[in-house]
Amino acid sequence: MKHGTLTTKGNKVELRFERRLAHPPEKVWRALTDSKELAHWFPARIEGAREAGAQLRFFFEEGDPGSGKMHVFDPPRVLEYTWEGDLLRWELKPEGTGCLLVFTTIPADRANVSRDATGWHFCLDNLEASVDGNPAAGFDKERFSALNADYAARFGLGSFPAFMLGAANRVADASLSIPGVEAYVFNGADGTQLTLCHAKSDAETGEQWRDTDEYVVVLEGSYVVRINGMDMHLGAGREFVIPRSARVSGRYTAGTRTIHARGNKPPERSDS
């Protein structure tokens, strides 16, 4: 299967691709390590010694270079290095006259995984074309968009982007009072608050009275809102407005992410 798969590794996730290639490991190894061969499919130029412990630099046509380090260089079996916090590992396993290429990466930011999966899918397509002696496919905007949507549907984001999770906006546990839920709050000029919630485990809120309307959108997972004793089941993609003066409680399933917008005083931040 050419599509990547996603698995949880502790508090991180691993993106994995497998490609069966009709060429021996030695030929594919050259495509993975030789600068001229890399130019046919890899998204950046890599500079640095091809040996364990070497510092690496990654250059695009525009922008500042990235950095990384070679961790494993075992030809023609295993190649492993980091690139701007992401771990990339390439393994070649002989299969008859060809080989199985197993590529795994552990992204530094879980929120980028759908985008990364799309990009690596294209790179591996071009790697396969290169070792077969065919030209690389040009960038196809429509195909990229369709594949990215496919991976987003398969994986979701799984977490909010790292830039939104600054410690200054973290809601204090005592203020939130929902064990198992991590939350971050942002304030508008008119006093409106926007709270991002991520349930790390199944969780329930205590019953509260709403003194303003509340807008809720479920990004991923499942959230049950109980309003005046009646349950409303909200799945991914659902929006809902909780009216003011309602008696409200809620239940999260583990992994659920929600956004809540309200017009009253925000919860206290953890550094307040």
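Right, let's walk through the structure included here. In this text the structure is predicted, and so the values were computed from the model without any measurement. (Residues numbered from 1 in each chain as written. Predicted model: local features only at pLDDT ≥ 70, side-chain atom pairs only at ≥ 80, totals over all residues. Heavy atoms only, no water.)

**Notes on the pairing of strand β9 (residues 181-187)**
In plain terms, the rule: Only protein chains enter the accessibility calculation, which uses a 1.4 Å probe; a residue whose area is less than 20% of its type maximum is buried, one above 50% is exposed, and one in between is partly exposed. Strands are runs of DSSP state E lasting at least 2 residues, helices are runs of H or I lasting at least 4, and numbering of each runs from the N terminus. A pair of strands counts as paired when DSSP detects no fewer than two bridges linking them.
Burial analysis of β9 places five of its seven residues in the buried class, which makes it a mostly covered element. Sheet analysis places β9 next to strand β10 (residues 193-199), joined by seven bridges and oriented antiparallel. Paired with Y184 across the bridge in β10 is L196. Following β9, the chain reverses through five residues before pairing antiparallel with β10; G191 in that reversal takes a positive phi of roughly 95°.

**Considerations on the pattern of salt bridges**
Note the following rule: Between Lys or Arg on one side and Asp or Glu on the other, a salt bridge is scored when a side-chain nitrogen of the former is within 4 Å of a carboxyl oxygen of the latter.
In this structure the tally under the stated criterion is 19 salt bridges. Sharing partners across several salt bridges, the network here consists of K2, R19, D125, E128 and R143.

**Quick look at the sheet that holds β10**
Selection criterion: Axis definition: a line fit to C-alpha positions, over the contact stretch in the case of helices; interaxial angles, taken between N-to-C directions, run 0 to 180 degrees.
Overall, antiparallel pairing links the five strands, which are arranged β9-β10-β18-β13-β16 in an open sheet. Two strands bound the open sheet, and with one partner strand each, they are β9 and β16 (239-242). Within this sheet the neighbouring strands show an average axis-to-axis angle of 20°, counted without direction. As defined by bridge partners, strand β13 (residues 214-220) adjoins β16 across four bridges and the pair is classed as antiparallel. Bridge pairing links Y215 to V241 in β16.

**Side note on the side chain of E128**
The following threshold applies: By the convention used here, residues are in contact when the closest approach between their heavy atoms is within 4.5 Å.
Summarising the element assignment, E128 is placed in helix α3 (residues 113-131). Overall, the relative accessible area of 15% leaves E128 in the buried class. Setting aside its immediate chain neighbours within four residues, E128 contacts K2, R19, R20 and L21.

**Concerning the pairing of strand β6 (residues 78-83)**
Among the six residues in β6, six count as buried, and that is most of the element. Every second residue of β6 is oriented toward a common face, with V78, E80 and T82 on one face and L79, Y81 and W83 on the other, all of them buried. As judged from the six bridges shared by strand β5 (residues 66-74) and β6, these two strands associate in the antiparallel manner. Looking across to β6, one finds that F73 is bridged to L79. Between β5 and β6, which pair antiparallel one after the other, the connecting turn spans three residues. Alignment of β6 against strand β7 (residues 86-95), held across six bridges, turns out to be antiparallel. When the sheet's bridge partners are listed, T82 is paired in β7 with L87.

From the geometry alone we can't say anything about function, so treat these as descriptive.
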